[in-house]
Number of protein chains: 2
Amino acid sequence: MATWAFINDEFIREERACIHFRDLALQRGYGVFDFFRLEGQTPVFLNLHLKRLFYSAREMHLPLEKTEVELKAIISELIARNNLPNSGIRITLTGGYSADGYQVTIPNLVITQQPFQSPGKEQFQKGIKLVTYEHQRQLPHVKTIDYLIGIWLQPYIKERGADDVLYHQQNILTECPRSNFFIVTNENRIVTPAQHILKGITRNILMEIAREKFEVEERNIRLEEVLLAKEAFITSTTKNILPVVAVNESVIGIGSAGMITELLLKLLQAHHQKRTSVS
Amino acid sequence: MATWAFINDEFIREERACIHFRDLALQRGYGVFDFFRLEGQTPVFLNLHLKRLFYSAREMHLPLEKTEVELKAIISELIARNNLPNSGIRITLTGGYSADGYQVTIPNLVITQQPFQSPGKEQFQKGIKLVTYEHQRQLPHVKTIDYLIGIWLQPYIKERGADDVLYHQQNILTECPRSNFFIVTNENRIVTPAQHILKGITRNILMEIAREKFEVEERNIRLEEVLLAKEAFITSTTKNILPVVAVNESVIGIGSAGMITELLLKLLQAHHQKRTSVS
């Protein structure tokens, strides 16, 4: 566990990282966040995550009073104080303490660090099973704290022996609650939804890397197409790439990690290493 | 301000009513609540609010470990300690402290009391203006803490000189973020949406009272019908009844509190007084 957290203007002991009940995140589920990994003690894609945080804050009318430089200094100090390698850092910006319990005021800024392990080889080989559910996330392009439906569906997911849910609207797939979805077609095209989703940082980087070897398409994917796909996988900051081996009751491809998914993971890892050694 | 609040198993000073950052309400916007008024020191419709709280908790898979009797005892003690007449009490049940930041654990129960004033005669006479917005609330039948869109729309509402937003789906009206919507037709029928809404406690009581004098219909209302209506109003625990005098740029009826809306307010107040004097 981390020892230190940061709230607003001070470092405090993690066990005392509390927010008063009047905050709009607690009262009304109103806030944004971002989360990035450390490789060793080095943040991965920090600039991209901070850029997205500022974008999310602006879209949600939440003034973020710190500059990017100030946030980086706080993050550096937090990393040094906690000395917690291979962990993740979450930056949350809430609606703030509201007198009437509804109007946004001065946001609370909370930065916390937690131990974190990316999925290992075994989990990659096993892959994950998804179940579909018709739902469109609210403000999908913004990284808000709204995971109401994703968490509410946990019993639904477990009853079906699945690992997570894949949202769709009238059979057009969008995303999982915390990751982006891809398929590999029988023509070896890499395809991922274009609309009504959060365009994840790992998703965007993966598309860039994949384009060097494959045709990559951003477009609508219907459920029927997934069931005929050669491979499928998800991407996220925490999971990197994980093969999707079944959707609902249908096995995808060979029912375990596909060759192209494996290749893409290797390319992504090589890309990470190159960046980490540079920074 | 209230002096005391209650968290989980103890009364604490209100200024110390804090929740640790790991709670799923803060991390993922996951929780339910209810809110009731006091007339003097007497809770209004307490049984109905508690019934709804238990229903919300069950629907959201949140174990509420207290019984109704236990909750009533806590509420009585809170009222006695704070001695804050004409106030409101909010009971919140969160997703609890979650090790992985996603799975529901043991909820945190937070009970707080705050000063509260129902709208006065002047505000009633003036009425309110609504703007419409296409949106369907998530899990509308459950009183969750999700007010993401309602709060996010605040600048949109203010720019249009309105007081609140009225949601619709393809021109079929549903509700406001914190209140139910009614119209009075030119044939003096009281009509309110039936589907995809939170069926508020004041809404249900008003329908019961109105049925003694009017025909009451629960059915779809299209925006076009509102613009032709004789009167329109909203109901909620905090607002009781408030006339809606304009929707978007269109004046409704005479553009101020209508006669039937006034009559319904009087009937509702009489109903409140009868109940309060009994209890």
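You'll find the structure just up there.
Heads up: these notes are all about the structure in this document. Since we're looking at a predicted model, the values are computed, not measured.

## Here's the deal with helix α2 (residues 46-59) of chain B
Residue and element names in this part refer to chain B.
Stage number 1. For α2, built from 14 residues, the straight-helix expectation of 20 Å at 1.5 Å per residue is met to within 8% by its first-to-last C-alpha distance of 20 Å.
Stage number 2. Among the residues making up α2, those that are buried are L46, H49, L50, R52, L53, F54, S56 and A57.
Stage number 3. Summarising the contacts, the buried residues of α2 are in contact with β4 (31-39), β5 (42-43), α3 (68-82), β6 (87-94) and α7 (201-210).
Stage number 4. Downstream of α2 by one or two residues, H61 has phi in the positive range, about 60 degrees.

## A closer look at the interface of chain A and chain B
By convention, interface size is frequently given as the accessible area that disappears when the constituent parts associate.
Stage number 1. Taken together, the 45 residues of chain A in the interface contact 46 residues of chain B.
Stage number 2. With both sides pooled, the region where chain A packs onto chain B buries about 4500 Å², and carbon together with sulfur makes up 59% of that total.
Stage number 3. The largest per-residue losses of area from chain A upon contact with chain B belong to F21(A), Y102(A) and L148(A), which jointly make up 18% of the total buried on that side.
Stage number 4. If you look at where chain A meets chain B, you find two salt bridges.
Stage number 5. Linking chain A with chain B are 25 residue pairs in polar contact (both at pLDDT 80 or more), by the criterion used here.
Stage number 6. Of all the secondary-structure elements, those providing two or more residues to the side of chain A that touches chain B are β3 (18-20), α1 (24-28), β6 (87-94), β7 (109-115), α5 (148-152) and α6 (154-159) of chain A.
Stage number 7. Within the side of chain A that touches chain B, the residues separate by chemical class into 23 nonpolar, 13 polar and nine charged.
Stage number 8. One ladder, built from three bridges, connects β3(A) with strand β3 (residues 18-20) of chain B; its direction is antiparallel. In the strand pairing of β3(B), I19(A) is matched with I19(B).

## What to know about the relation of the copies chain A and chain B
Stage number 1. The two copies are related by a screw operation: chain A maps onto chain B through 180 degrees of rotation and 0.0 Å of translation along the axis, at an RMSD of 0.0 Å. This pairing of chains is accounted for by a two-fold axis. By C-alpha distance to the rotation axis, the residue of chain A lying nearest is G29(A), at 2.0 Å.

## Regarding the packing of aromatic side chains
Stage number 1. Tallying each qualifying case throughout the model produces 14 aromatic pairs over all chains.
Stage number 2. Each ring, one from Y133(A) and one from W152(A), has its centre 6.5 Å from the other, and the planes form 75 degrees; the classification is edge-to-face. In this pair, Y133(A) sits in strand β8 (residues 128-134) while W152(A) sits in helix α5, placing the two residues 19 residues apart along the sequence.
Stage number 3. Ring geometry for Y133(A) against Y156(A): centres 5.4 Å apart, planes inclined by 80 degrees, an arrangement best described as edge-to-face. Here Y133(A), found in strand β8, pairs with Y156(A), found in helix α6; they are 23 residues apart in sequence, far enough to count as distant.
Stage number 4. The partly exposed category is assigned to Y156(A), whose relative accessible area is 26%.
Stage number 5. An aromatic cluster is present here, built from F33(A), Y147(A) and Y102(B) joined pairwise through their rings.
Stage number 6. The lysine or arginine in question, R81(A), covers the ring of W4(A), its NZ or CZ lying 4.5 Å from the ring centre.
Stage number 7. In this structure, R90(B) packs its charged tip against the face of F33(B), placed 4.0 Å from the ring centre.

What counts, and where the lines are drawn
- Residues numbered from 1 in each chain as written.
- Chains lettered and ligands numbered in written order.
- Predicted model: local features only at pLDDT ≥ 70, side-chain atom pairs only at ≥ 80, totals over all residues.
- Heavy atoms only, no water.
- Helix = DSSP H or I, 4+ residues; strand = E, 2+ residues; numbered from the N terminus.
- Expected span 1.5 Å × (residues − 1).
- Buried < 20%, exposed > 50% of the residue type's maximum accessible area, 1.4 Å probe, protein only.
- Contact = heavy atoms within 4.5 Å.
- Buried area = accessible area lost by both parts, 1.4 Å probe.
- Salt bridge = Lys/Arg side-chain N within 4 Å of Asp/Glu carboxyl O.
- Polar contact = N/O pair within 3.5 Å; in protein donor to acceptor, adjacent residues only side chain to side chain.
- Nonpolar A, V, L, I, M, F, W, Y, C, P; charged D, E, K, R; others polar.
- Pairing = 2+ DSSP bridges.
- Least-squares fit on C-alpha atoms with pLDDT ≥ 70 in both.
- Phe/Tyr/Trp six-rings, centres within 6.5 Å; stacked < 30°, edge-to-face > 60°.
- Lys NZ or Arg CZ within 6 Å of the ring centre and 35° of its normal.

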